[in-house]
Amino acid sequence: MAMFVKPIIGLIIALVFCSNVSTALYEDQVGVVDWYQQYIGKVKHAIFHAQKAGRRRVVVATEENVIASLDLRRGELFWRHVLGENDSVDQIDIALGKYVITLSSGSILRTWNLPDGQMVWESFLQVSASSMSLFYVPASIEVGTDQQIFVSAGGCLHAVSSIDGEVIWKREFTDSLEIQKLFQTPDGDITAIGFSSSSQIDIYQLSAKNGDILVHKSASFPGGFSREASFVSGDVFVTLDATRSILVLVNLNGGEIRFHQTHISDLAEGYSGTAAILPQKFTGMFALELDSLIMLMKVESGRDLEIIEKIPHPASISDSLLLANGQQAFAMVKHEETKVHLTVKLDTDLKSNILKESINLDSQRGSVQKVFLNNYVKTDKSHGFRALVVMEDHSLLLVQQGEIVWSREDGLASIIASTTSELPVEKGVSVAKVEHSIFEWIKGHLLKVKGTLMLANAEDLAAIQRMRLKSFEKTKMTRDHNGFRKLLVVLTRAGKVLALHTGDGRIVWSLLLSPLHSSDSCQHLIPVDIYQWQVPHHHAMDENPSVLVISRCGLHSDAPGVILIVDSYSGKVVSSSKLSHSVLQVMPLPLTDSTEQRLHIIIDDNKKAHLYPRTPESINIFRPELPNTYWYSVEAVKGAIKGYSFRGNCIDTDEDDYCFDTRELWSIIFPSDSEKITGATTRKHNEVVHTQAKTIGNQDVMYKYISKNMLFVATVSPRAAGNIGSATPEEAYLVVYLIDAVTGRIIHRVTHLGAQGPIHAVVSENWVVYHYFNLRAHKYEMSVVEVNDQSRQDNKSIWKLLLGKHNLTSPVSAFSQPEVTVKSQSYFFTHSVKTMAVTSTAKGITSKQLLIGTIGDQVLALDKRYLDPRRTPDPSPSEREEGIIPLTDSLPIIPQSYVTHSLQVEGLRGIATMPAKLESTSLVFAYGVDLFFTRVAPSRTYDSLTEDFSYALLLITIVVLVASIFVTWALSEKKELEEKWR
Amino acid sequence: MAVETERSGSRRSPRRGSRSFFPAPSWPCLLVLLILLVTSAHAISQAGNGAGYSVAGRIKFDGISSKGSGLHTKKSNVKIILNGGQRVTFARHNGYFSFHNVPAGTHLIEVSAMGFLFSPVRVDISARNPGKIQAVLTENRRALSELILEPLREEQYYEVREPFSIMSLVKSPMGLMMGFMLVVVFVMPKLVENMDPEEIRRAQEEMRSQGVPSFSNLLSGQAQR
């Protein structure tokens, strides 16, 4: 019999392997485990486009260099373009009703098709100096004629054809001329008004046809100018003198330039500070910003000033909007406790409001930063107004009729740091709920079987898809068995902490930092980083987890720090304090106190260490560890890496138990004329390594050199420190160091000749993978360096392992050379890389994948097996069995292994990975302008059934088997009976 | 002034790829699909001031091959990236793009278009004889005198779900289990029947003498009883 069974089993195994399950995604699985959110960033320019027919939209430009067209009804994106990193948008406008014109980085003029966002043309203006630039599109009634766009950039005036972007003429002025205003006079000439030196005003009148200067006038003002101006009308503008204490009204009427001076202290009684002119565009008015208020002023008959309104801060004023009947309207936003008042006024009647609305706003949105006004005609022919409001947390709201029509959380476009937090444990589930969910579960599976057996109709299919995407399980606010449900706690550049649910990406809570620290007299609160503060488990289960938010109270790195501890279940502030010292470096220690609060060391700019939390308990925990604690600093500017140890308490500060002095132990100084530090990376401090030993093909054991203190540093030659294209292969080299951060010993050093940055590196376990540019091949390259521990290499058998040389028994000395062997290999890689990360799992058993953020804003998952220095062109059978892939000169890019599948995480900046409880799975959060979250299983989900697994089919199989047993039993009984009768 | 001096065709290479040069007007009606990057090697001109040059090229969508995958390539979102992000520009509706004020040296141009894999292009701008550039596809080291780049391949980001078939059900672990059961139930007895009774007895005796209680003799033992 055995001879028959064997081939059958063989056949079965063969069949199982044939039907191999791919790790890639099917198209209908999109959105099941992943979510994707699109943002644009803080809006700085907005132009409404609300035609009578067609879609109403608003075109915006943001501080993330995004140009986008938004649906005015719902706030969704019609289209969006993310410009280059240093291509910031100066001005946008809509011309001819269907083109969006943008001027960016002072010299690039682009035209986009309004309906679909296709670029129509791009024009690069040759400018010698970068300075304030602006463009002017003359309002033309005829559509289709070759209109000209006048652009002032870098001391030149260009006339650009609106059809193809061709420069028609160019007029150079003196280099220092900063044109403030461009406009077309009724007779067709172009007038340019600007400051050409600190105290001189120049006015040019040019021919629109060829740029000939027709009239040139200039006048100087002895007090100097602050170089900001607000135009009240075509020939009257206001500016400030160099000290910003005198308001200068400049009247150009009648061919001569006249100045009228007014002291600001005369306008605002006893005011001694400086003032600023807001850049809003009004006719007949201007807005002056003082420390605590905004003054709205009217200019009468070209010289007399009249204060219309004094608005206390925080407040915001919109540009004026020209209505159909020739009137002008503008909006003002004022704050009053939790309410925001929006008032709209007409220039013909400044005393009264045409519209006054109060809106209740979420206090976590902060104050209003910008307001853009738009009008529409109501059915009764009166004017209705809607306002686009930009808030302090960078969110965008559309307000109409006292209601928020839609809001966008655009602060999430600028995440600077992220961490995770567990959700609460599920307590007491009601029977009814369980019954309900079981019923739902069965129903769902029946539907699924229907789908598999092709019995489902379109409606059922839709129901299946909906069920998969909106599973109740996924979005619950409790911890799950697999650890997929967590909170992502992110910190944005606007200084807001938000908790996102990993199930669907919704915001669970948010907290704006600036109101919390307003009492600390913090002018500029710069958020720095976010850490896990308290992760309760074991003996502190009843505590809520919390996160530590570190910010800086000022623009410079020596400004005092501010720390905040936030409960991660509720978003409530547990404690907040302003520190007496600055924050240079934060180190979470591997120590926790009795309530599971993690001990943190904050290093200030005087190289003093401060221990947090400031409790006697933490001191008692930390003191015994003091001699074993080290830290290092990488000073890229000075080209030095220094290692420090801790000494006793600070001497000069009086009696502060929580302050420790540090002592420099070692330093590595790179000569500035030959090497320049471009990157330094270490292992993630919470990475788990399952085993040090690795069995290789020939039953041998290799020991990984696992050190938490391994620091990767890359330096390049100073001449090749710039971009690609700036250096030749001969003058470029890249040196890579592996440094023990405690002893300062260089474990490994390798030089890549003809290579340059940018360098992106990942350190994990005993290996480093780094990405750089090879100038000789003119391709990107990735290298892997693996460090193996040689000291335990003799421990081959179990007995030797137990009794032999061991890391724990061998004496440890800073002077002893670690016995390590280093292997490395390099491969070509096609794409530029923006960021790189590695998957992390709960126990570190699962193999690893590199997550590579490519230049196309996609995230590619690449098996670590491709980056194995033991790869050879022709691996032996035992090596093949071990899973070593034959060596190829370049790394494969398999489209199915993009974890972002067909999505692009525009402006990708970082990838965060965190382990799920399920060992096979790692959670991945990629952030940039967009957010993307998914989970990956580098070795497939070997420890759980896939989401696709059909329980119903299993049940049916079992039922069929049982039934067939009974049938055959009955048949055999019958047969037996017949035989007996025979 | 940045004036592009394109002399495409004046030194057209004899390579096959150069045939696929389509006139601009025909293109909007084409339904996406193969992208051709046509960068004229001579589309380089010295800028009016300073040492900057202009590099002009062309990306072209062409109606060759592929079904469906073109859906996720929006024509409007094709980015051209110089030197790993130093500058970013977009393709116009006719596929043209240009970089201006690029200094002499060796540069890298990458194309990001969803659904397609492009080879980065190495572009050498010579400082000694202005206007002369060389372009090489870095992936396959193909030198391009006229820079006609074909995308290396299309990228299919999803696994294709195969339609339901009996085979897939049979291949599934449960199907295999059932198949195995059926084989045991129906084929095995036939095999045993066809065997010589003598042989069966001998085999059974052999097994008994080995003393290994096996499933088969357990079954046969019961049957004999």
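What counts and what doesn't
- Residues numbered from 1 in each chain as written.
- Chains lettered and ligands numbered in written order.
- Predicted model: local features only at pLDDT ≥ 70, side-chain atom pairs only at ≥ 80, totals over all residues.
- Heavy atoms only, no water.
- Contact = heavy atoms within 4.5 Å.
- Buried area = accessible area lost by both parts, 1.4 Å probe.
- Salt bridge = Lys/Arg side-chain N within 4 Å of Asp/Glu carboxyl O.
- Polar contact = N/O pair within 3.5 Å; in protein donor to acceptor, adjacent residues only side chain to side chain.
- Helix = DSSP H or I, 4+ residues; strand = E, 2+ residues; numbered from the N terminus.
- Pairing = 2+ DSSP bridges.
- Axes fitted to C-alpha atoms, helices over the stretch in contact; angles between N-to-C directions.
- Domains from an automatic or database assignment.

Caption draft 1: Inspection of the interface of chain B and chain A at higher detail. Listed by partner, the interface residues are 59 residues for chain B and 72 residues for chain A. Summed over both sides, the interface between chain B and chain A buries roughly 6,100 Å², with carbon and sulfur atoms accounting for 62% of that surface. Looking at the side of chain B facing chain A, the largest losses of area belong to B:Y158, B:E159 and B:R161, adding up to 12% of the total buried there. At the boundary of chain B with chain A, the tally comes to two salt bridges. We note a salt bridge from A:D857 to B:K79, for which the minimum N-O separation is 3.8 Å. Counting every contact that joins chain B to chain A gives 14 residue pairs in polar contact (both at pLDDT 80 or more). Only β4 (79–82), β5 (87–90), β6 (96–102), β7 (105–112), α1 (166–171) and α2 (173–194) of chain B provide two or more residues apiece to the side of chain B that touches chain A.

Caption draft 2: Spotlight on the sheet that holds strand β8 (residues 108–113) of chain A. Residue and element names in this part refer to chain A. The sheet built from four strands is open, its strands ordered β6-β7-β8-β9 with antiparallel pairing. Edge strands, defined here as strands with exactly one partner in the open sheet, are β6 (89–95) and β9 (119–124). This sheet shows a mean twist of 15° between the axes of neighbouring strands, independent of strand direction. Judged from the six bridges that link them, β6 and strand β7 (residues 99–104) form a sheet pairing that is antiparallel. Bridge pairing in β7 links A95 to Y99.

Caption draft 3: Here's a closer look at the pairing of strand β13 (residues 167–172) of chain A. Residues and elements named next belong to chain A. Bridge count between strand β12 (residues 156–161) and β13: five bridges; the pairing is antiparallel. Residue pairing for β13: A159 is matched across the bridge by W169. In this antiparallel pair of consecutive strands, β12 and β13, the connection spans five residues, and G165 shows a positive phi of 80°.

Caption draft 4: Summary view of the domain arrangement of chain B. Per the domain assignment, the segments of chain B are domain 1 (53–63 + 76–154) and domain 2 (169–210). Relative to domain 2 of chain B, the C-alpha centre of domain 1 of chain B lies at a distance of 66 Å.

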